Number of protein chains: 2
Amino acid sequence: MNHDMIIRITRYYRILNRLRSLGLEKVFAHNLADAAGVSAAIVRKDFSLLEIYGQKRGGYDILFLIAALGKILGKTDEPQNIIIVGCGRIGRALMHYNGFEPDGIRIIAGFDTDPLVYSENVHPVPIYPMSRLEEVVSSHQVDVAILTVPESATSDSFQRLMNAGIKGVLNFSPITLKPVADAEGLKPVIHNVNIALELEQIFYELQFPKT
Amino acid sequence: MNHDMIIRITRYYRILNRLRSLGLEKVFAHNLADAAGVSAAIVRKDFSLLEIYGQKRGGYDILFLIAALGKILGKTDEPQNIIIVGCGRIGRALMHYNGFEPDGIRIIAGFDTDPLVYSENVHPVPIYPMSRLEEVVSSHQVDVAILTVPESATSDSFQRLMNAGIKGVLNFSPITLKPVADAEGLKPVIHNVNIALELEQIFYELQFPKT
DNA sequence: TCGTTTATGTGAATCATTATACAATAAAAA
DNA sequence: TTTTTATTGTATAATGATTCACATAAACGA
Ligand SMILES: NC(=O)c1ccc[n+]([C@@H]2O[C@H](COP(=O)([O-])OP(=O)(O)OC[C@H]3O[C@@H](n4cnc5c(N)ncnc54)[C@H](O)[C@@H]3O)[C@@H](O)[C@H]2O)c1
Ligand SMILES: NC(=O)c1ccc[n+]([C@@H]2O[C@H](COP(=O)([O-])OP(=O)(O)OC[C@H]3O[C@@H](n4cnc5c(N)ncnc54)[C@H](O)[C@@H]3O)[C@@H](O)[C@H]2O)c1
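What relates the pair of chain copies is a rotation about an axis plus a shift along that axis. Relative to chain B, chain A is turned by 180° and slid 0.0 Å along the rotation axis, the superposed coordinates differing by an RMSD of 0.1 Å. What the superposition gives is, in effect, a two-fold axis relating one chain to the other. For chain A, the smallest separation between a C-alpha atom and the rotation axis is recorded for Ile 90 of chain A, amounting to 3.4 Å. By residue overlap, the copies meet face to face through one surface: 100% of the interface positions of chain A are interface positions in chain B.

What follows is the structure, encoded as structure tokens:
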């Protein structure tokens, strides 16, 4: 399964949950396609490759699809624990965001180097000094961290996360982090969110519209 | 030029600016490739397609490349004005971010429906009530808006932006906005940033590593 | 009951992207 | 000066993704 396909699958999964909550039971390939912004052919192809089958003329059963896709996406009943490293403006906005819970993602702690930040007690989750990183990561079985430290601290913090046993990072700094294989040849999974880059792409596309 | 290529070009552009500020004058395809996380062949292919040429065995002239790519990316001396609609936690974090200026992007105003938010006077840029949207957009020639309103307000706010003449939107809500052609057949450029989706993809990739 | 309609499932065709391979060329070394 | 080396530029091959097209099956309607 390729990267684009994973994105589509996660999209389908969300859309299906929405459709279910609206009380629907069946969905056609072209409905899903419209909602996900892809072609109906590719929806059918995706499901075909995943060996998920519908009923001829009847479409696909939503509950069945949700179960099948959930399994593929590794959805469990237990939420996934994550941490936030760098509790500045962006980090704290993420901490207060309540849109992760429905997706089974739970922020269990923040980390910061600034005592003014980590000694405050008014956060939705505790903020610890960086010295407690390893302890919290291992005791709560945290695999994934959101990295929202200043640009200058990005590489060091990333290294620190790797050493603490973190396996996946969502990086908000404009420094593009790249996965480097560890001693056992395992590469961390890194996604870089670069907001300025997104804006630049929009400007580009406005200036040179396709067709 | 396709979408992936635009992303690469914006990457090259940033990297080149960094290299220049380090005092370098020449760069080889494989240096850029390493920094951008792509293969050297694709760097050469990209430049070849863009009709940007280097010196055999001498690599590419950094200043020349920056000029050429800047032109392609529509870089001007004037910064691009943008606005932020929905000045909550995320919106305000973006307002305070000073990493846009170096990229020629300037946030000129925020908009919100909540009088408690727009009457405060402590922001880096003014926050106006939504009623002043059209006026500010047209008087400052704003083409692009960042949309950071709650999920429930997303579609309405988006429509409002379209009516006000906004042509590009960076949307942070989990509702995926889709471009719909206007009366003249022009489609807005929309980029959706979905943080929960990014996290889900990381979990997926951790569970099913490639190769 | 028997055509008609509607949607799935998938092999083949098309299209797009990336990698390979190497000739061309300029710099450096001998 | 000649040879070696390093790097570009691109033609071609390989790979991968998407769309097309249609056989297939189920539901519907007459
Ligand atoms: N704010 C935005 O809108 C925005 C937009 C795009 C990118 N970013 C990027 O996101 C990152 C965070 O931005 P921000 O605006 O929240 O910055 P911020 O300065 O508000 O917050 C950074 C936080 O990290 C902490 N910190 C510093 N060094 C640390 C270290 N070594 N380990 C742990 N914590 C450390 C600081 O104490 C601070 O609390 C930056 O890299 C920035 O470039 C931010
Ligand atoms: N905070 C996060 O970490 C995070 C993460 C992912 C996605 N998001 C999404 O980003 C968006 C903003 O999140 P947030 O945490 O900043 O929310 P928030 O509630 O802090 O801020 C929303 C702001 O929008 C204003 N608003 C409401 N309706 C409006 C309207 N019709 N027009 C203009 N302004 C309006 C509110 O007054 C408020 O100031 C949401 O859609 C959220 O789902 C946020």
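With that settled, consider the site of ligand 2. Close contacts around ligand 2 come from 23 residues, with Tyr 97 of chain A together with Gly 88, Ile 90, Asp 112 and Val 149 of chain B the closest. Of the chains in the model, those with residues near ligand 2 are chains A and B. Between Leu 94 of chain A and ligand 2, the recorded distance is 3.5 Å, taken from a backbone N or O atom to an oxygen atom. With respect to ligand 2, the side chain of Tyr 97 of chain A contributes an N or O atom lying 3.0 Å from an oxygen atom. Starting from 820 Å² of accessible surface for ligand 2 in isolation, the protein chains cover 82%. Where the shell around ligand 2 is concerned, the elements lending two or more residues are helix 5 (89–96) of chain A together with helix 5 (89–96) of chain B. Counted by class, the shell around ligand 2 contains 13 nonpolar, six polar and four charged residues.

Close to ligand 1 lie 23 residues, the nearest being Gly 88, Ile 90, Asp 112 and Val 149 of chain A together with Tyr 97 of chain B. Separating an oxygen atom of ligand 1 from a backbone N or O atom of Gly 88 of chain A is a distance of 3.5 Å. Take Asp 112 of chain A: an N or O atom from its side chain is 2.5 Å from an oxygen atom of ligand 1. Alone, ligand 1 offers 820 Å² of accessible surface; in the complex the protein occludes 82% of this. Elements represented by at least two residues in the shell around ligand 1 include exactly helix 5 of chain A together with helix 5 of chain B. Among the residues forming the shell around ligand 1, the class breakdown is 13 nonpolar, six polar and four charged.

Rules used in this analysis
- Residues numbered from 1 in each chain as written.
- Chains lettered and ligands numbered in written order.
- Predicted model: local features only at pLDDT ≥ 70, side-chain atom pairs only at ≥ 80, totals over all residues.
- Heavy atoms only, no water.
- Least-squares fit on C-alpha atoms with pLDDT ≥ 70 in both.
- Contact = heavy atoms within 4.5 Å.
- Near = heavy atom within 4 Å.
- Polar contact = N/O pair within 3.5 Å; in protein donor to acceptor, adjacent residues only side chain to side chain.
- Areas by Shrake-Rupley, 256 points an atom, 1.4 Å probe, with all protein chains shown as cover.
- Helix = DSSP H or I, 4+ residues; strand = E, 2+ residues; numbered from the N terminus.
- Nonpolar A, V, L, I, M, F, W, Y, C, P; charged D, E, K, R; others polar.

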